[in-house]
Amino acid sequence: MEITFKLYATLSRYLPPEAKKHAVKITISAEDTAFSLLDKFNVPRESAHLVLLNGIYLDPDERNKPAFKEGDTLAIWPPVAGG
Amino acid sequence: MAWTRKVLRINLTNGSIAEEPLNMDWAMQYLGQRGLGTKYLSEEIDPKCDALGPDNKMIMITGPLTGTMASTGGRYSVVTKSPLTGTIACSNSGGFIGNEIKCAGWDMIIFEGKSPKPVYLYLENDKAQLLPADEMWGKSVWETDEIIHKKHQDPLIRVACVGRSAEEGCLYAAIVNDLHRAAGRSGVGTVMASKNLKAVAVRGTLGVGNIKDPMGFLKATNEGKQVLKDNAVTGEGLPQLGTQVLMNVINEVGAMPTKNMQDVQFEGSSKISGEAMHEPRESDGKANLTTNAGCFACTIACGRISTIDQGHFTVENKPEYWGNSGGLEYEAAWALGSDTMVDDLDALTYANFLCNEDGMDPISFGSTVAAAMELFEMGVITKEQTDGMELKFGSAEALAWCAEVTAKGEGFGKDLGLGSKRLCEKYGHPDLSMTVKGQEFPAYDPRGIQGMGLTYATSNRGACHLRGYTVSSEILGIPEKTDPLSTEGKPELVKAFQDATAAVDSAGICVFTTFAWTLEDIAPQIDAACEGEWTSESLMEMGERIWNMERDFNIAAGITGDMDTLPKRLLKDAAKTGPAKGKVNNLDEMLPKYYEVRGWTQDGVPTDETRARLGL
């Protein structure tokens, strides 16, 4: 299946060159998890603080379980804040 | 230094200048800045007074950690009654002038009355003079700063002043210090201009002293700095991307107020984000962002310093805008961008520069432009009012034009200077104003972040994110993650954030430290600096005392519980996209419980027991 994978802020450097606007379309298997995708892009798991699946926060204990369906968007940030 | 124990009182009506001792009983109860300033104001003015009349007072006040080596210890606040909301106003600014006031030997400056002619205060340690400001009246912030520096031939003078927008009566005018830092919200600059006070110029050379336990203070502040350095947000994220890192986050979670809050996601958000500020422009190959910057004593340095492409339509043949200035910060980028649907980063930067140059709150300005755009697209406002300008959502030209005419108070700029509430009332559509108690919303749609709805509705200065930033918990997971779409536990969460923030706002340090520090990190620094015993518990209690005191001020001013609400759009019209799709803000599920946890009546009035418990 194909999903959109986004890395922001200081994690942007782990995106492949073909990424546009911090996003890249990737093909994944049904067994893939948030952690397995992080590993695939060499993103240190401990750097992924804010993990949003279709905009909804993915609890740390959900990140090791398959959770994706076709067309999903996974967006990931390190710890960030502002205001 | 901790308190200097000196107050400078200036009567602008008769020109008298007097020194008086700081009321130490109040300092022990309210610490400094927001708390202590509000105590003085509450004791000295009638909350029902005309905010722009001579009976209102304006207090510029530091905190005990201002001017010390505590990280971010350079803050000061302006406390007065707001002309925008009629509530208490307390606007907090960084930069360098807070330290300068403290180093000149003063905890606070109280301005009362109204000068018969334009004046500015020149303060050099004990020497305080009111000097004629005729040559700078009608000038911008940037021009005024330059005139003062040339006149006194001292590059180290720090200046806080108002621009042309304040003189022209813009109700959300700011007081800008150090060219681009601002006591920005609630129209404190409008109050200053109403007193014919153009600027406060300060040179302080008395240095730092009066620390209760110098060695203990050194230890506590060093430990605090280490915490900030080691934290991923304050040590890396904020210096690199600034507050603007939030643009993509808030859009992704579906809480990005867009098109005068008709929508909750903005397609152009990535083009105006913190990341985009780093990227080379197609036009000239240079990035919008020049560098980050820190305020006095800050070890975070989240500030953005930017430039506009010299060929951009906003600054073509205008070399005065080819240099650096402050911004964009997230709140400004949202209001000027997403809410007006303008995704041209340099156009937003230009509008923000004008807000710096002439002292306007970019949140209220951008939000008011968005309301005007909605009225224009409805045909209520026409080209007749706008001098032929097509005031359409997404138009960078319209945004730039609005900034120019509002900064100078020209033509339709006078209408925009009214703020969203009065503009929408004037044109017969009060429901289209996205405000609480007359103040425009910041950058978080409460349909997607439920706790922020309660925060906005109950904020003592109208819609505001700096009175309780539950975004930190609901979205960012700091200190712990809560569900943004649930109302459960939010009354308690909102109260905790409100009280803790009131304490931090009274200390002389920046609220951004709290992304890494808790009150457990802050209390030892205050305790080592100040007499008395300061713990995280006593600071929380003080924060609650301040919150209730502000509430009492507002109630006495006629701002009552029935105004603790949100615009109909946010309570009735569901979000159309994103995780909050189908949701409104469920304020009614939170407000009664909030009153209960606050110890207030069901009408939102602090009970006698609550007042007694807090020593009010």
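These figures come from a predicted structure and were not determined experimentally.

Procedures and definitions
- Residues numbered from 1 in each chain as written.
- Chains lettered and ligands numbered in written order.
- Predicted model: local features only at pLDDT ≥ 70, side-chain atom pairs only at ≥ 80, totals over all residues.
- Domains from an automatic or database assignment.
- Contact = placed C-beta atoms within 7 Å.
- Helix = DSSP H or I, 4+ residues; strand = E, 2+ residues; numbered from the N terminus.
- Expected span 1.5 Å × (residues − 1).
- Axes fitted to C-alpha atoms, helices over the stretch in contact; angles between N-to-C directions.
- Parallel < 35°, antiparallel > 145°, perpendicular 65-115°, else oblique.
- Left-handed = near helix turned anticlockwise from the far one by under 90°.
- Nonpolar A, V, L, I, M, F, W, Y, C, P; charged D, E, K, R; others polar.
- pLDDT = per-residue confidence, 0-100.
- Buried ≥ 20, exposed ≤ 12 C-beta atoms within 10 Å, placed from the backbone.
- Pairing = 2+ DSSP bridges.

Peer 1: Explain the domain arrangement of chain B to me, and be specific about the residues and the numbers.
Peer 2: Residues and elements named next belong to chain B. Once the domains are mapped, chain B shows domain 1 (6-203), domain 2 (262-378 + 390-422) and domain 3 (440-465 + 467-504 + 535-614). Facing the 13 residues of domain 2 at the interface are twelve residues of domain 3. Within the residue set of the side of domain 2 that touches domain 3, elements represented by two or more residues are helix H11 (330-338) and helix H13 (362-377).

Peer 1: Tell me about helix H4 (residues 141-152) of chain B, and please be specific about residues and values.
Peer 2: Here H4(B) is twelve residues long and its end C-alpha atoms lie 17 Å apart, about the 16 Å a rise of 1.5 Å per residue gives. Remark: Gln153(B) follows H4(B) within two positions and exhibits a positive phi of approximately 50°.

Peer 1: Tell me what's going on with the packing of helix H17 (residues 450-458) of chain B against helix H23 (residues 587-598) of chain B, and back it up with residues and numbers.
Peer 2: All names here are of chain B. At their nearest, the axes of H17 and H23 sit 9 Å apart, and the two run at 55° to each other. Relative to H23, the element H17 is oriented oblique. For the element pair H17 and H23, the recorded crossing hand is right-handed. Two secondary-structure elements touch here, H17 through Gly453, Leu454, Ala457 and Thr458 and H23 through Leu587, Met590, Leu591 and Tyr594. Of the residues contributing to the contact of H17 with H23, the split by class is six nonpolar, two polar and no charged.

Peer 1: Run through the confidence of the model for chain B, naming residues and quoting values.
Peer 2: Summarising the model, chain B shows a mean pLDDT of 97, and 100% of its residues fall at 70 or more. This prediction of the complex comes with two scores: 0.98 for pTM and 0.97 for ipTM.

Peer 1: Could you give an account of unusual backbone geometry, with specific residues and numbers?
Peer 2: All names here are of chain B. The omega angle of the peptide bond from Gly327 to Leu328 is -5°, so this bond is cis rather than trans. With respect to the helices and strands, Leu328 occurs in the loop between strand S15 (325-326) and H11. Following Ile478, the chain continues into Pro479 via a peptide bond in cis, with omega recorded as 0°. The residue Pro479 is located in the loop between helix H18 (471-474) and helix H19 (490-504) in this model. At Gln33, a residue that is not glycine, the phi angle is positive and equals roughly 35°. Tracing the backbone through its elements, the reader meets Gln33 in helix H2 (residues 33-44). A residue is classified by how many C-beta atoms lie within 10 Å of it, and Gln33, with 33 of them, is buried. Positive phi values are uncommon outside glycine, yet Met261 reaches one of about 65°. Take Met261: it is sitting in the loop between helix H9 (246-252) and helix H10 (274-278).

Peer 1: Describe in detail the sheet that holds strand S12 (residues 197-203) of chain B, supporting the description with residues and values.
Peer 2: All names here are of chain B. A sheet is described by the order of its strands in space; here six strands give the open sequence S8-S7-S12-S9-S10-S11, paired in mixed fashion. In this open sheet, the two strands that pair with only one neighbour each are strand S8 (127-132) and strand S11 (181-183). Averaged over all pairs of adjacent strands, the angle between strand axes in this sheet comes to 20°, irrespective of strand direction. Bridge count for strand S9 (residues 158-161) against strand S10 (residues 175-177) is two bridges, and the pairing is antiparallel. In the strand pairing of S10, Cys161 is matched with Val176. Across the sheet, H4 touches S9, S10 and S12, and the angle it forms with S9 is around 140°.

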